[in-house]
Structure formats: structure tokens, C-alpha cells
Amino acid sequence: MDVTSIIDSLNDAQRAAVTAPSQPMLVLAGAGSGKTRVLVHRIAWQIQVLGVPAHSILAVTFTNKAAKEMRGRIEELLNISAQPLWIGTFHGIAHRLLRRHAKQAKLPETFQVMDSSDQLRVIKRLLASLNLDEAKWPAKQMLWYINAQKDEGVRARHIADSGDMLQRQMVTIYRAYEELCDRSGLVDFAELLLRAHELLRDNEDVLAFYQQRFRQVHVDEFQDTNTIQYAWLRLLTQGKDNIFVVGDDDQSIYGWRGAKIENIYSFQKHYPNHQVIKLEQNYRSTGNILKAANKVIANNDGRMGKELWTESGDGEPIALYAAFNEQDEAHFVVERIRSWVNDGGMRSDVAILYRSNAQSRQFEEKLMTTGTPYRVYGGLRFFERAEIKNALAYLRLTSNRHDDASFERVINTPTRGIGAKTLDEIRNIARDRAVSLWTAAIALLTQGGMSARAGNALDAFLILIKQLDTDTVGLELFEKVQLVVEKSQLIELYKKDKADKGEEKVENLEELVNAARLFDKASVQMVDENDANLSELDMFLANAALEAGDMQGDDFDDCVQLMTLHSAKGLEFKLVFLVGVEEGLFPSQQSVDDVGRLEEERRLCYVGMTRAMQHLYITYAESRRLYGRESYPRPSRFLREIPAEHMQEVRLRASVSRPATVVKPRSGSIQMPSRYKLGQRVSHVKFGEGVVLQLEGEGAQERIQINFKQVGIKWLIVSMAQLDVL
Ligand code: ATP
Ligand code: MG
């Protein structure tokens, strides 16, 4: 690989960014303009041309998938292993730092990472132990409060008493939560970031070491950094010029979780000798897709403002499909995917993007019944399934007895006769003596006073955990996992469970053993030579919490990609389906009355549209069952913001397509002449002969009401009914 080949595939502005001498740099540009490409090439340039050692490169991005892709792209460019580079998510890098410096971070070596559902469980238990009514103190709300404080770098002790009772109580809960986590060695996601910041802030030697080690610090998706992430970056690059960030204000989509778009402005203030580079050519999407996305985002106020252009042709217009209901929507999408694959397209080039995880099920079912391999990112991920979490909880306890969340999770799973009363007693002791549940359980047993039955049951549980620990010494990781799922009797529990998808759960547990077998310590982003002292089991467990979902299928499998719009950030696909584009769903119900949130939804729409390279389908349903409720949503306002010339409505039956009309109110849409007339006599394969009473809708939604001689009045979907005119 020579020097020129790193930069000859770049345009002038990109090249300037890649080769600029060390100075704080901000690349500010729209979707698909090559920001990530520039970042990757700059890293390659430094290693190849400037001779910067690979291990002194730090690159932070937002999702595990993006980090993996970045690593892959660098390996491809330089034909070297990217292993020594520190590439990862903020959480992944923070975790790595905390593992290496647990002591300085004031954490036990065996600390465990909790995901948000673990965190919620801990908070629920805490509220109960404080005798707080959950109706008045919803655990979810407390979770949001605590995380929001942490994202701002605020500990409970930092919050001044304003005399407000409500605030006082929340701070009390926050403090109790901190104590409990410290005692149990539990670290939630927000804590990872906050601790990593405190680690650098409070340990001069550690900070100096990393400031020296990282000769270059790169950040992708900078617009979505929160206060603590940015503070952490500033510490690392303090007094130096080695920070290179890329971002797009129009793609800031994590404001609801504390991201600060203002960091883009702060950057320019904090690094006065910075240089800004703008990129304006889009290399990803066709003209129609790009122009439509530009128009949509133009409806937001206060943008930094930029217009993207492309040299590639207009391509096809965006295809709009109005589905009859959510099943019809899924059916349509999966059919289109089938013809894409039949025409030689790769499944992995196809993405179905939705606003909310709950939407994935319909598509999964249809994909499953048609035997189309797919992969869901996020949602109920593999490692978040109850059976998997139960197994992991056993494993965690064998590694760390004081992990209260795990203790609580499995003390009576499978049921072993340990009742709520015993558990309450354990909790009380734990709270009074400020010890872990494990320690409290032992104390309860020794102090006596329990019924023989309860005492035996509790004793058996403690013995089981100790036994699992001794039995697994010296075993391979997967053997450990296997032994634990069996001896804990989880497998047996689910085998007996015929009703509640027991079989699937058993399979999932088997898959966990498999995942452990395939678990490659070296491939985990946070591992390097210095982490060797961490046990493989601990690595596996930490990885399970951090990389949930990444074990579902092999990355090289050719499968359709399903994900939320949020997790699609930074990615691109040849064929994209943007589904459920309806008022109340996208934009979400909570955002429609709030200008700020509505604009964030619009940015999300911009992100979604600009994922598409060649083909973009947008769908909405006229009726939808979601969260167990039936609704009749209106098409999203974002559709109205797409000029008609860039979009065409899909007509399943008609041979020609016409410009989209749904963007008008439904009553004003043009009625296409139907094949059928009122009063006409028709015949149906199953229902026999009848007379047409009413017609409604059009295209795929055209419905017809018929009075059949034999079965009476029925509504049918014309495109599916296969009627013959008599
Ligand atoms: P996003 O805002 O969505 O993260 P981005 O600005 O990071 O987008 P990239 O993903 O880096 O954009 O690039 C978009 C696509 O355009 C990629 O497929 C990339 O390889 C391609 N691309 C970027 N620059 C060039 C170029 N100069 N020549 C050819 N292809 C390019
Ligand atoms: Mg990018």
C-alpha cells in the first residue's frame, strides 16, 4: 500500500481533512458525504505515512456495528490487523479503562456491567426496601433521573438541597442507589462513562499515561456526544492538538438521552486553533433520495445549514406504499425483498428501519414463514431474554457472590421454596448492615429463627452456588456455561414449560453454550495484552452486557437487517424500507406537541432516508394494531414534506404508477376508477355469487363490500379476493 492510494480515492475537501497537520479538526457535513470515510482514511494516513504506532490511535464511535465496520475498513486499507488500535463505542472504551484501572476507579476487580433492565430491577428493589410506593415513585422515572444526572457528571452528593421535598427524596434514592451499586460491584451504562471520566480526572498518573499514549483521538458522530463524553474527550486531549471529530448537526438524534448538539459549538470555543472542514458532495444516495431528504430536513429551524449534491443520477423515485394494515405492510415488504433476492440482490444489502422495536415482530414473522434469513439489531436481544439473563445471573454469582441483581434474579428461579418473606428478611439485613444480599443470607441462616423449610431452601441455594463455583474450576468457558445451565436446573425448568415458549427457551440456552464456545477473547474490542488477568468468564459476561445482540448470527451471513432508525445511524444499504411512517408512531406521539422533540424526529427521518443508496421504500398502514391497540393513523407529516416529484405511489394491481397522492388529506385524494361497479354481480371462489354494495380505498387498499347469496355481507380486499365479474 503506497501513500497515494490512501488519498487518491478522496475528493479535495476530504483529502485536505485526511492530510491536515495535527490540529483540532471539525469535519461538519451532511449524510453520506464521507465523514466516516475521512476518519478511517485519516487513521490509515497516520499509521502508514506519519508512522504513528497503531496502539496510539483512539477512535470512538456510537454503535458496536459501526466500530466493527471501522475496524474492518482500516484492515482492508492497510492490510494489517487493527487489533492494537483502540476502536470502540464510548461505553466499550470506558469499560476497558475501568477494567484496567479498577482500583484507581474505586471498583472491585470483579465489577459487573448491568444493562438497563438490570438497572430497573435494582431500582425497583431499592424503592421497595425504602418503603416507597412505586405508584408515587415510578422506578422508570427514577432510572431516567439517575441516568440524566450521571450524563451530566453529577453525583448525588453534588446536588445542593434546594429545600424542595420532591427533589430531596429523589436525591435520597439516587444516593441509596449509588451505595447499593458500590456494595454489589454493579456498574450501569451511564456509570461506565461517569466513572471513566472520574478515573482520568482524579488520577493524574493515569491521565498522563493516556494523554501520552493516544497520539490521535478520533470521534465519529460527534453531534451525539453528551456532556460527560465530551468532558472525557477534553481531558484526554487537554493542552494538545490531537482531536479530530466528525459530525452532522442534522443527524443529532439522542437529545432525549442527554446528547448535546451544543458540543459542536463548545468544541469551536474550547479549541480556538481548530479548523472546520465542510463536505458537500454525497456519494451514497441517488438524486431523488437525496433531494427528498434535503427537503424534509429544511423544515427544521436553527440548522447550521448545508445542502448536499450528488453526481449520480436521479435514480428511481422513492416508492410509497399505503398498506391496508400492519400485516399487509409486512407482506408487501417481504415480497419486495423476495424479488430483490430473486433478481440477484444480497439480503444483507436490505434494511427494514422502524421507529420502535415493537414493530419488528410483524416483519420477523413474515420473514420467518418465507424462510428469509434476517437479523434484528436491538429490541429483545439475545442477551436480554429472560432465560439467558437467568443463566448469566447464575454465572455472575459464581464469579461474584455480591452481585445483588443476580442474587435476586435467581434465588427462587427455578422455584425452590424461598418465599417473599425470606427475601424480605434478607433485604432488611442487607440494608441495616450495608452488606450484600449474599452476606445477609448467610447472616440470616446463622442467626436462626427461620422455619426449617425456609432455612433448608435458602441453605440449598447457597450451597448450589458454591458448588457451581467449585465444579467449574478448570473447565473451558463453554463447559462452564453448560454445567451451570444444567445444574441450576434452568434447562429442566423450561423443558417442562410447554405453554410459554419453553422449547424456544431451551434452544436459546443451548445457543448460549454455543456462543460461549465461539467466544473469542481476542476479538472483543476491549481486550488487549493488559487485560489478560481478567477471567474469560468475566470477559464473556461483560461482553454479554455490552454487546447484546451481536451474537445472534454470524456477521457474514447474508441476512436482511432489521433495526430501529436510531441504530441505523452511520450505516448504508442499497435497499431501504422505512416502515410505519404514520402520525403518532413517526413522529412519535410524545413528540408532536413539542417543537424540540418534533425536530429531533425530523432529523431521525432524515437519518432514515439517507441510509438508502439505490432504492427507498416508505410504507404506512391505514390501520395498525400495536401494543394491543387498534388505531387508524394518518400518514406522517414528513411525507407531506417530500415533494411529489421525488415520490411515487406503489400500485399493486395497476400496470402504471402515478405520482403520489396520499400526501393530500385522504378525502382529497384522487379516486382511481375501480374495475368494479356498485350493483355488479361477481363471483368468489369460496363465497360464491354476490352483488357489489360498496367500494372503498384504492390500490392495495381497495376494499369491496359484497352481499353473497350464501354467506351474506362481507368486506374483502380487492387485490386479494380474486373476484370474477359475471
Ligand atoms: P453518515 O452521515 O451517514 O454517517 P458519512 O458522511 O459518514 O455518512 P460515509 O459513510 O463515510 O459518509 O460515506 C458514504 C458512502 O460514500 C460510503 O459508501 C463511502 O465509501 C462513499 N464515499 C465517500 N467519499 C467518497 C469518494 N470520495 N469517492 C467514492 N466514494 C466515496
Ligand atoms: Mg458516518
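Below is a summary of the structure that appears in this document. Because the structure is a prediction, the values reported are computed rather than measured. (Residues numbered from 1 in each chain as written. Chains lettered and ligands numbered in written order. Predicted model: local features only at pLDDT ≥ 70, side-chain atom pairs only at ≥ 80, totals over all residues. Heavy atoms only, no water.)

Turning to its location among the elements, Thr 422 is positioned in helix H18 (residues 420-433). Beyond its immediate chain neighbours, meaning those up to four positions away, Thr 422 contacts Leu 444, Met 450, Ala 454 and Leu 458. (Helix = DSSP H or I, 4+ residues; strand = E, 2+ residues; numbered from the N terminus. Contact = heavy atoms within 4.5 Å.)

On to the sheet that holds strand E19 (residues 688-696), then. Ordered in space as E21-E20-E19-E18-E22, the 5 strands form an open sheet in which the pairing is antiparallel. Each edge of the open sheet is held by one strand with a lone partner, namely strand E21 (712-717) and strand E22 (723-725). Averaged over neighbouring strand pairs, the angle between their axes works out to 40° when direction is ignored. Alignment of strand E18 (residues 681-684) against E19, held across 4 bridges, turns out to be antiparallel. Directly across from Val 682, in E19, lies its bridge partner Gly 690. (Pairing = 2+ DSSP bridges. Axes fitted to C-alpha atoms, helices over the stretch in contact; angles between N-to-C directions.)

Let's shift gears to a nonpolar patch on the surface. A surface patch of nonpolar side chains, amounting to about 220 Å² of accessible area, comprises Val 691, Leu 693 and Ile 713. Summarising the element assignment, Leu 693 is placed in strand E19. (Patch = residues over 30% accessible without salt bridge, like charges linked within 9 Å, V, L, I, M, F, W, Y side chains within 5 Å. Areas by Shrake-Rupley, 256 points an atom, 1.4 Å probe, with all protein chains shown as cover. Salt bridge = Lys/Arg side-chain N within 4 Å of Asp/Glu carboxyl O.)

Further remarks concern the site of ligand 1. Close to ligand 1 lie 19 residues; Lys 35, Thr 36, Gln 251, Glu 572 and Arg 611 are nearest. Residue Ser 9 places a main-chain N or O atom 3.1 Å away from a nitrogen atom belonging to ligand 1. For ligand 1, an oxygen atom lies 3.0 Å from a polar atom in the backbone of Gly 34. Taken by itself ligand 1 offers 630 Å² of open surface, and the protein chains cover 87% of this. When residues in the shell around ligand 1 are grouped by element, the largest group, 3 residues, is from helix H3 (residues 35-48). In the shell around ligand 1, the residues fall into 3 nonpolar, 10 polar and 6 charged. The residues that make up the shell around ligand 1 include at least three from each of domain 1 (3-101 + 194-281) and domain 3 (318-381 + 552-649). (Near = heavy atom within 4 Å. Polar contact = N/O pair within 3.5 Å; in protein donor to acceptor, adjacent residues only side chain to side chain. Nonpolar A, V, L, I, M, F, W, Y, C, P; charged D, E, K, R; others polar. Domains from an automatic or database assignment.)

Our next topic: the environment of His 274. Among the secondary structure elements, His 274 is positioned in the loop between helix H12 (263-270) and strand E8 (275-279). Expressed as a C-alpha distance, the spacing of His 274 and Ser 5, which sit 269 residues apart in the sequence, is 27 Å. What His 274 contacts, discounting residues up to four positions off in sequence, is Gln 23, Pro 24, Phe 267 and Gln 268.

Right, let's get into the nonpolar core. Counting 80 residues, the largest nonpolar core has Leu 58, Trp 232, Met 609, Leu 616 and Ile 618 as the members making the most contacts within it. Composition of this core by domain shows at least three residues from each of domain 1 (3-101 + 194-281) and domain 3 (318-381 + 552-649). Ala 393, Ile 429, Met 450 and Leu 462 belong to the second largest nonpolar core, which has 49 residues in total. (Core = buried A, V, L, I, M, F, W, Y, C linked by side-chain atoms within 4.5 Å. Buried < 20%, exposed > 50% of the residue type's maximum accessible area, 1.4 Å probe, protein only.)

The subject of this paragraph is the pairing of strand E12 (residues 560-564). Counted residue by residue, E12 has 5 buried out of 5 residues, so it is predominantly covered. Note that strand E10 (residues 350-354) and E12 share 4 bridges and pair parallel. Bridged to Leu 353 within E12 is Met 563. Where strand E11 (residues 374-376) lies against E12, 3 bridges are found, and the strand directions are parallel. Along E12, the bridge assignment pairs Tyr 374 with Val 560.

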